[in-house]
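# Structural overview
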Amino acid sequence: MMNLWKSKGFRTAVLSIDTNFHQGLMTVPSTPTSSTVSTYSGTLSSTSFDTSEPSPATSGLFAMPEQDLNDNEETELLSVSWNQDYSCFAAGTTRGFRIYNCEPFKETFRRDLKSGGFKIVEMLFRCNILALVGGAANSQYPPHKVLIWDDHQSRCIGEFAFRSEVRGVKLRRDRIVVVLEHKIYVYNFVDLKLLHQIETLSNPRGLCCLSHHANTSVLACPGLRRGQVRVEHFGLHMTKFINAHDNNVACFTLTMDGMLLATASTKGTLIRIFNTLDGTRLQEVRRGVDRAEISSIALSPNVQWLAVSSDKGTVHIFSLRVRVGGEDSSAQSSVVQSPALLYQNSSSGLDPLISTNTGVLPKYFSSEWSFAQFHLPEETQFIAAFGSKNTIVMVGVDGSFYRCSFDPVNGGEMVQQEYVRFLKTDTKPK
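Our subject in this report is the structure included herewith.

Rules of the game
Residues numbered from 1 in each chain as written. Predicted model: local features only at pLDDT ≥ 70, side-chain atom pairs only at ≥ 80, totals over all residues. Heavy atoms only, no water. Helix = DSSP H or I, 4+ residues; strand = E, 2+ residues; numbered from the N terminus. Buried < 20%, exposed > 50% of the residue type's maximum accessible area, 1.4 Å probe, protein only. Pairing = 2+ DSSP bridges. Salt bridge = Lys/Arg side-chain N within 4 Å of Asp/Glu carboxyl O. Axes fitted to C-alpha atoms, helices over the stretch in contact; angles between N-to-C directions.

## What about the side chain of Arg155?
Within the secondary structure, Arg155 sits in strand S12 (residues 155-161). Exposure remark for Arg155: the relative accessible area of 19% places this residue in the buried category.

In structure tokens form, the structure reads like this:
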């Protein structure tokens, strides 16, 4: 197969994990399953491949089945997700998956299969390694398995099988994180060794996010209480519980270095920004008054802007007034002692009505509202991210892609720069 990764500007990863499983049905005992870890230059060592929720599974080193390239058949979109630097996004479909570049917009490649599609497609920046989880109708790849797929070799190089459905997968260059409804497993990428197990509140959305700077290792996930976010600073061997909201947490994201956390609840009216080291709430902004389902939260690389998308059909951009510097442990220590807070919204974040001399006024009158807005079709889920030069890119589960620009000085209504219908589908992902 032609190496599409190199031809399309993608990088080929150095690492190759060869699970070397025996073909056929096997019953996995409570002890770890044997596996072999190798690089392109040869075998490194024999190690344990432990899912910690062993189950009967069919495993093996295999290639993707023959591709089905008949575009006349109906293709439904199951999921859309960004890569770690938002330069690409992956679309899981009922027939396989597709990878798209954002600037300029183009379909980089696709894998359409006869056996079914993937509900989770997680990229690792722009390299050839992906994590795949099959959709419910996938005859070969069930939703309780995670496949680590090397598209350069066109084969599976690792597999995790669980007793329950996989809700999410997150990758960074040194970690594989698998999210189940009540538990999160963190594995070392090099040898697939299980490093951490984290208990969570019921997490059907598979909420979890990671930092992606080389010298910080931060994970955020739901805690064990309603409205709580648990932040793991693995490099500092520190756990911080942040009571972010009164309602259940619906969406959150980290800055690339993991120093800031932005959260929203199922109520969807307020977005709060926290220092992840000491849990201090640094700023609060208001999306609106009515309840909304938050689809995504994005922080700009310079931490100057925050974007929020919801089912209300508007993408909001907020101006941030927080700065937390530093990426190494020494800088983190300084942040713990004194967060570099330049501005904090006057709102205390309390939703109840407040009393003043002029009467009882809703608290939202003193809230900080969005700086710029862009209107999209209502009740359609969009994920948003920051592009280059004061632009926002948005991908919808209806198969649409938007790029728009905003005025960093005056704000207001954003200007649409590009629209592409990359997949024609009337079906919304579940």
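## A few points about the pairing of strand S27 (residues 314-319)
By the criterion of burial, S27 is predominantly enclosed, with six of the six residues buried. Here S27 shows two buried faces, one formed by Thr314, His316 and Phe318 and the other by Val315, Ile317 and Ser319. The pairing of strand S26 (residues 305-310) with S27 spans five bridges and is antiparallel. Directly across from Leu306, in S27, lies its bridge partner Phe318. The hairpin turn running from S26 into S27, its antiparallel successor, is three residues long, and Gly313 in that turn takes a positive phi close to 85°.

## Structural notes on the pattern of salt bridges
Pairs may arise between side chains of opposite charge once their charged atoms sit close together. What the rule picks out here adds up to 17 salt bridges. Notably, a salt bridge pairs Arg403 with Glu418, separated by 2.8 Å at the nearest N-O pair. Taken together, the residues span a long stretch of sequence, with Arg403 in strand S33 (residues 400-405) and Glu418 in strand S35 (residues 415-421) at a distance of 15 residues. A cluster of three or more residues bridged by salt bridges with shared partners is formed by Arg95, Arg98, Glu107, Arg110 and Asp112.

## Quick word on the sheet that holds strand S22 (residues 260-265)
As summarised here, the arrangement of the four strands in space is S21-S22-S23-S24, forming an open sheet in which the pairing is antiparallel. Only two strands of the sheet have a single partner each, and these edge strands are strand S21 (249-254) and strand S24 (281-286). Ignoring which end each strand starts from, the neighbouring axes of this sheet average 20° apart. Note: strand S23 (residues 270-275) against S24, five bridges, orientation antiparallel. Note on S24: the bridge partner recorded for Leu270 is Arg286.

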